[in-house]
Amino acid sequence: MTQDEAKRLVAKRAVEFVKDGMVVGLGTGTTATLFIRELAGRVQSGGLKIRCVASSDASHELAESLGMSVATLTELPELDVYIDGADEIARVPGLGFGLIKGGGGALLREKIVASAAKSFIVVVDSTKMVEVLGKFPLPVEGIKMALPVVQPRLAALGLNPTLRQAKSGDGPYITDEGNYILDCACGRIDDPQKTAAAIRAIVGVVEHGLFLGMATLALVAGENGVSEIRP
Ligand code: 5RP
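All values derive from a computational prediction rather than experimental measurement.

## Section: the sheet that holds strand S9 (residues 161-163)
The pairing of strands in a sheet happens through backbone hydrogen bonds and is either parallel or antiparallel.
Consideration 1: Ordered by their spatial adjacency, four strands build an open sheet running S9-S10-S8-S11, and the pairing between neighbours is antiparallel. Every interior strand has two partners, whereas the edge strands, S9 and strand S11 (205-208), have only one. Averaged over all pairs of adjacent strands, the angle between strand axes in this sheet comes to 30 degrees, irrespective of strand direction.
Consideration 2: With five bridges connecting them, strand S8 (residues 138-142) and strand S10 (residues 180-184) associate as antiparallel partners. Of the residues in S10, the one forming a bridge with Gly 142 is Tyr 180.

## With respect to the site of the ligand
Consideration 1: Near the ligand there are 17 residues, and of these Thr 30, Thr 31, Asp 87, Gly 102 and Lys 128 occur at the shortest range.
Consideration 2: Here Thr 31 contributes a side-chain N or O atom positioned 2.6 Å from an oxygen atom of the ligand.
Consideration 3: Between the ligand and Asp 84, the relevant distance is 3.4 Å, taken from an oxygen atom to a side-chain nitrogen or oxygen of the residue.
Consideration 4: Against a free-state accessible area of 380 Å², the protein chains account for coverage of 92% of the ligand.
Consideration 5: Per-class residue counts for the shell around the ligand are two nonpolar, nine polar and six charged.

## Details of the environment of Val 226
Consideration 1: Summarising the element assignment, Val 226 is placed in strand S14 (residues 225-229).
Consideration 2: For Val 226, a relative accessible area of 16% corresponds to the buried category.
Consideration 3: Separated by 102 residues in sequence, Val 226 and Val 124 have C-alpha atoms that sit 9.4 Å apart.
Consideration 4: In this view, Val 226 contacts Leu 9, Val 10, Arg 13, Leu 219, Val 220 and Ala 221; residues no more than four positions away in its chain are not counted.

## Quick notes on helix H5 (residues 147-156)
Consideration 1: Among the residues making up H5, those that are buried are Leu 147, Val 150 and Leu 154. Buried residues of H5, viewed axially, fall in a sector of 70 degrees; they line one side. In H5, those exposed residues whose orientation departs by more than 90 degrees from the buried face are Pro 148 and Ala 156.
Consideration 2: Buried residues belonging to H5 abut S8, S9, S10, helix H6 (192-200) and S11.

Thresholds, definitions, all that
Residues numbered from 1 in each chain as written. Predicted model: local features only at pLDDT ≥ 70, side-chain atom pairs only at ≥ 80, totals over all residues. Heavy atoms only, no water. Pairing = 2+ DSSP bridges. Helix = DSSP H or I, 4+ residues; strand = E, 2+ residues; numbered from the N terminus. Axes fitted to C-alpha atoms, helices over the stretch in contact; angles between N-to-C directions. Near = heavy atom within 4 Å. Polar contact = N/O pair within 3.5 Å; in protein donor to acceptor, adjacent residues only side chain to side chain. Areas by Shrake-Rupley, 256 points an atom, 1.4 Å probe, with all protein chains shown as cover. Nonpolar A, V, L, I, M, F, W, Y, C, P; charged D, E, K, R; others polar. Buried < 20%, exposed > 50% of the residue type's maximum accessible area, 1.4 Å probe, protein only. Contact = heavy atoms within 4.5 Å. Arc of directions from axis to C-beta.

These results come straight from atomic positions and should not be treated as a statement about function.
Below you can see the structure in the form of structure tokens.
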């Protein structure tokens, strides 16, 4: 099974967790996009009545273009479920699941929307499941004018930050909230709580891509189908 096939499979399964009347948080990225398309199919066929809040402009626009009802947190500050992909997922002793997110640049809004939801289902292909987080560079979102302060402080923590560039080649990548992202090639993160606290303590950092103890269920697609893993 290719990674794309696994993403499609897990996106399809995730739709089964969405019930009539729910307020659903839509994630961002290729897996979340597949999920949004699947979900829209159920809505379009009249089988499902839901309202959504998206974690990025891209997902908001996609869902709306597919005829879904998408609102903001102002209108719907409490969600039943948030469904999104991840760049890495591991079990963190005492915390449940630890995730690295933000490969798609939406980590700040993703964390906010996830925090507003009663449950958070993370949908991944099995390549994302790791023993220890950190092979995937950890994204850190920071205020633009603080870059000359934040980048050296992340470097001093040994996190090897690199300013993310826009795919268009037009300079730095800018998030939906108008911030920069520093991708930290820090290697294995043995104590994610400690790393998260050290990053959070830097003035000018807005958010980091460590989602600790937030996911309530993982759907993991591999050769044997989709496994439901609880923290
Ligand atoms: C976006 C994210 C994505 O969930 C993460 O990057 C995984 O993406 P994909 O489903 O494309 O592999 O955190 O900010």
